[in-house]
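So you can see what is in the structure, the chains are spelled out below.
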Amino acid sequence: MFMLKLEELRKEYKSFLGKKKIIAVDKIDLEVQPGEIVGFLGPNGAGKTTTIKMICGLVNPTKGQVLIDGYDIKNERKKALKKIGVVLEGSRNIYWRLSPYENLRYFGNIRGMRTKQIKTKIDKLLHFFNLYERKNDLTQKLSRGMQQKVAISVALVTSPLLLLLDEPVLGLDPHSSNELQERIIKIAKEEGKTIIIATHQMDVAQKVCDRIAIINKGKIVVCDTVKKLLNLLEAQHYEFRIEGSLNSECKDKLSKISHLEINEDGIETLISINIINSSLLYDIINLLKSEGVNIIEIRKQEVNLEKLYFQIVPERK
Ligand SMILES: Nc1ncnc2c1ncn2[C@@H]1O[C@H](COP(=O)(O)OP(=O)(O)OP(=O)(O)O)[C@@H](O)[C@H]1O
Ligand SMILES: [Mg+2]
């Protein structure tokens, strides 16, 4: 069974004056296996936080269904919520005026854990997140990275199966961010938790997630493993370095084959071209040959998620 299933999930908000509809999430379908880390990657306002809030029952969907380990968050709310731990943006799930230890004990208690059970769990979490030495300090006096780790510990205290993290490493320095990313991977791989991470940091998504759903304007544009997303891209970006410059007729013919960018310096020309189908590569080579162009080099561009992201999520005008 899927740990998380979203079916045609949609959320409409009314605008400030109530005249216009804002579609924050538009027909999202997703199935997540136990132990998987899935990233929601997308620009500001894409609908990532709204989707997370619908999954954990903070926001009611306008349409569609959320199933957590088979339980419907709407009709079987209590059972579904037992499976979830959530950390929203800004670690708002913890008390700043309590210590990490007190936060963990308090939230363990109100969620019905027994004292002895809580103690063992707290010690384990404090050690796992390297917080043990600071367990009695006020949370507000800890660094941002530590506060975020306290927030995630609190979300994990009741041993939920599904962990939802909204922008977990935002604003952390590279070392704290790396440390936290490694912990998140460990939580999934060693403890079998299913994790959903919303982020607009591509490097984070690429490092941490098994699968990435790129979300734009409330829709999942593409959802696949990082490897497949990168393969998709690899077949698409080429650079041709040629001698001299191209005449306008040749440029026209090339741009009919595929989208391209041309940079000329009078001596050489660099053509960057997106190729959807690899046979088009031969069409380009043949065209350049028939035009008598001297090709100096053909290079497949280096692949990273950023290129794919910019291809899929166009810049806002
Ligand atoms: N309570 C609300 N009332 C009205 N509109 C809202 C509300 N919450 C979110 N929205 C709108 O829904 C859309 C999606 O917002 P959401 O916060 O889910 O995006 P996001 O992907 O999390 O963005 P970010 O990367 O900035 O956190 C935006 O247009 C936002 O303005
Ligand atoms: Mg958000």
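Each residue is numbered by its place in its chain's sequence as written, counting from 1. Chain labels run from A onward and ligand labels from 1 onward, assigned in the order the entries are written. Reporting in this predicted model follows two pLDDT cut-offs: at least 70 for local features of residues, and 80 or more for side-chain atom pairs to be given and counted; totals over whole chains, interfaces and linings ignore these cut-offs and use all residues. Values shown for side chains rest on all heavy atoms present in the structure; no hydrogens or waters enter the calculation.

## Comments concerning the site of ligand 1
Neighbouring residues are identified by heavy atoms, a residue being near a molecule or strand if any of them is within 4 Å of it. All residues adjacent to ligand 1 are Tyr 13, Ala 24, Pro 43, Asn 44, Gly 45, Ala 46, Gly 47, Lys 48, Thr 49, Thr 50, Glu 89 and His 200. For the purposes of these results, a polar contact is taken to be a pair of N or O atoms within 3.5 Å, where, inside protein, one atom must be able to donate a hydrogen and its partner to accept one; residues adjacent in sequence count only when each atom of the pair is a side-chain atom. Note that an oxygen atom of ligand 1 is positioned 2.7 Å from one of the backbone N or O atoms of Gly 45. Thr 50 has a polar side-chain atom sitting 2.5 Å from an oxygen atom of ligand 1. For accessible areas, the Shrake-Rupley method is used with a probe of radius 1.4 Å. Any residue's cover is judged against the shown protein chains and nothing else. Alone, ligand 1 offers 630 Å² of accessible surface; in the complex the protein occludes 63% of this. Secondary structure elements are taken from DSSP: a helix is a run of H or I of four residues or more, a strand is a run of E of two residues or more, and numbering for both begins at the N terminus. For the shell around ligand 1, the element with the highest residue contribution is helix α1 (residues 48-55), accounting for 3 residues.

## Digging into the layout of surface pockets
If you add up the space inside the largest pocket, you get close to 570 Å³. Those elements that provide at least two residues to the lining of the largest pocket are α2 (77-81) and β6 (84-87). Using a 1 Å grid laid over the protein atoms alone, points where a 1.4 Å probe fits but cannot get out form a cavity; open sets with protein on both sides within 12 Å along at least 5 of 7 lines form a pocket; any residue with an atom within 4 Å of a point counts as lining. Grid points are joined across faces, edges and corners, and a volume is the space filled by probe spheres set on the points.

## Notes on the domain arrangement of the protein
Domain boundaries in the protein define domain 1 (4-231) and domain 2 (236-312). All domain edges in this entry derive from an automatic or database-based domain assignment. One C-alpha centre belongs to domain 1, the other to domain 2, and the line joining them spans 42 Å. Only heavy atoms enter the contact rule, under which two residues are in contact if any of them lie within 4.5 Å. With 12 residues of domain 1 at the contact, the number on the domain 2 side is 7 residues. Salt bridges are defined as contacts in which a side-chain nitrogen from Lys or Arg sits within 4 Å of a carboxyl oxygen from Asp or Glu. At the surface where domain 1 touches domain 2, the tally comes to 0 salt bridges. The tally of links between domain 1 and domain 2 comes to 0 residue pairs in polar contact (both at pLDDT 80 or more). Listed by contribution, the elements that provide at least two residues to the side of domain 1 that touches domain 2 are α7 (202-208), β9 (211-216), β10 (219-225) and α8 (226-234). In the side of domain 1 that touches domain 2, the residues fall into 10 nonpolar, 2 polar and no charged. Residue type decides the class: Asp, Glu, Lys and Arg count as charged, Ala, Val, Leu, Ile, Met, Phe, Trp, Tyr, Cys and Pro as nonpolar, and the leftover types, Gly among them, as polar.

## Describing unusual backbone geometry
Across the chain, the bulk of peptide bonds are trans and the bulk of non-glycine residues have phi less than zero. Even without being glycine, Glu 8 reaches a positive phi, approximately 45°. Along the chain, Glu 8 falls in strand β1 (residues 4-14). Phi is positive for Lys 217, which is not a glycine, with a value near 45°. Among the structural elements, Lys 217 can be located in the loop between β9 and β10.

## Some thoughts on the packing of aromatic side chains
The pairing test for Phe, Tyr and Trp rings, Trp by its six-membered ring, is centres within 6.5 Å, and the orientation test on the planes gives stacked under 30 degrees, edge-to-face over 60, and tilted for anything in between. Applying the stated criterion to the full structure yields 4 aromatic pairs. Taken together, a centroid distance of 5.7 Å and an interplanar angle of 70° make the contact between Tyr 95 and Tyr 106 edge-to-face. Of this pair, Tyr 95 sits in the loop between β6 and α3 (100-110) while Tyr 106 is found in helix α3, placing the two residues 11 residues apart along the sequence. Seen in terms of ring centroids, Phe 128 and Phe 129 are 5.0 Å apart; in terms of plane orientation they differ by 90°. Their pairing is edge-to-face. Of the two residues examined, Phe 128 and Phe 129, each falls in the buried class. Among the aromatic residues, those joined into a cluster by ring pairs are Tyr 95, Tyr 106 and Phe 107. Only when the NZ atom of a Lys or the CZ atom of an Arg is both within 6 Å of the ring centre and within 35 degrees of the ring normal do we say a charge sits over the ring. We note Arg 183 situated over the ring of Phe 128; from NZ or CZ to the ring centre the distance is 5.1 Å. Each residue's exposure class comes from its accessible area (1.4 Å probe, protein chains only) as a fraction of the maximum for that residue type: buried when under 20%, exposed when over 50%, partly exposed otherwise.

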